[in-house]
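# Residue-level structure breakdown
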Amino acid sequence: MKHVGWIAGAAAAVLVAAGGITYAIADGDSGVRVPAADSADAGFARDMAVHHQQAVEMSYIVRDRTEDEEVRRLAYDIAQTQANQRGMLIGWLDLWQLPKVSADPPMTWMGMGDMPSGEDGALMPGMATDTELKSLEKASGKAAEIRFLQLMYAHHMGGVHMAEGCVERCEAGVERDLARGMVEAQESEMKLMTDLLKKRGAKPPE
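In this report, we go over the structure that sits alongside the text. Computed from a predicted model, the values in this text were never measured in an experiment.

Along its length, the chain carries 6 helices and 0 strands. Ordered by position from N to C terminus, the α and β elements of the chain give α-α-α-α-α-α. Burial analysis of the chain (206 residues in total) assigns 46% to the buried set.

Rendered as structure tokens:
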């Protein structure tokens, strides 16, 4: 039951977002054709939904591994925001009647489908490995804070790269707008994470 409060809050945010999905698609993209299953729009929605899910998971983990209010607040904001955005991405796939999974490798829509397959659960750039997630689960206090901040910084680096790819390639205006917002928000959070790491005598990953 340890994540119930956060999960309920994130679920509520997703429901609010879902309520505006149909309006946003109809209002912002009236007359625009539905994206193809192998389009950048569909690929970004599928891949970023997976990418976001791990960020939410890491945020839930650190919430129970530290009492530091700054880190807990950042983790809460990330969990809420990315659960909300994930709901929108999946909602668009539903509205477009497109599959939520693809036989193509991750990042194919960005021309990166031939990159080495993700090892130990790290399917896309920036994603933490299963081993890294386990190390976060075992840490506590300052060690957990540093581990989370470094893992999330790398996660955001990968997320920004993907979002910039959508801004360049996606055709649906609302999806490009969402991607631009992701870039701005995650770059801002990366600056905050750098400051929080510095306070703890640590640095973000290269």
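The next subject is the packing of aromatic side chains. Taken as a whole and judged by the stated rule, the model has 2 aromatic pairs. Summarising the aromatic geometry, the rings of Phe-44 and Trp-109 are spaced 5.6 Å apart at their centres and angled 75 degrees between planes, so their arrangement reads as edge-to-face. Within this pair, whereas Phe-44 is found in helix H2 (residues 40–63), its partner Trp-109 is found in the loop between helix H3 (69–95) and helix H4 (130–138), the two being separated by 65 residues in sequence. As far as burial versus exposure is concerned, Phe-44 and Trp-109 are alike and both buried. For the ring pair Trp-92 and Trp-96, a centre distance of 6.3 Å and an interplane angle of 25 degrees mean the geometry is stacked.

Approximately 320 Å³ is the volume found for the largest pocket. Surrounding the largest pocket, 22 residues form its lining, Arg-46, Asp-47, Val-101, Ser-102 and Asp-104 being those nearest its centre. Mapped by element, the contributors of at least two residues to the lining of the largest pocket are H2 and H3. For the lining of the largest pocket, the leading source of residues is H2, giving 5 residues. Of the residues that constitute the lining of the largest pocket, the class distribution is 12 nonpolar, 4 polar and 6 charged.

Another point: the state of the cysteines. Tallied over the full model, the rule gives 1 disulfide. Here Cys-166 engages in a disulfide with Cys-170; their sulfurs sit 2.2 Å apart. Around the S-S axis, the bridge from Cys-166 to Cys-170 shows a dihedral of about -125 degrees and counts as left-handed. Cys-170 carries the same exposure label as Cys-166, and that label is buried.

Calculation criteria
Residues numbered from 1 in each chain as written. Predicted model: local features only at pLDDT ≥ 70, side-chain atom pairs only at ≥ 80, totals over all residues. Heavy atoms only, no water. Helix = DSSP H or I, 4+ residues; strand = E, 2+ residues; numbered from the N terminus. Buried < 20%, exposed > 50% of the residue type's maximum accessible area, 1.4 Å probe, protein only. Phe/Tyr/Trp six-rings, centres within 6.5 Å; stacked < 30°, edge-to-face > 60°. 1 Å grid on protein atoms, 1.4 Å probe; cavity = no way out; pocket = protein on both sides within 12 Å on 5 of 7 lines; lining within 4 Å. Points joined across faces, edges and corners; volume = space filled by probe spheres on them. Nonpolar A, V, L, I, M, F, W, Y, C, P; charged D, E, K, R; others polar. Disulfide = S-S within 2.5 Å.

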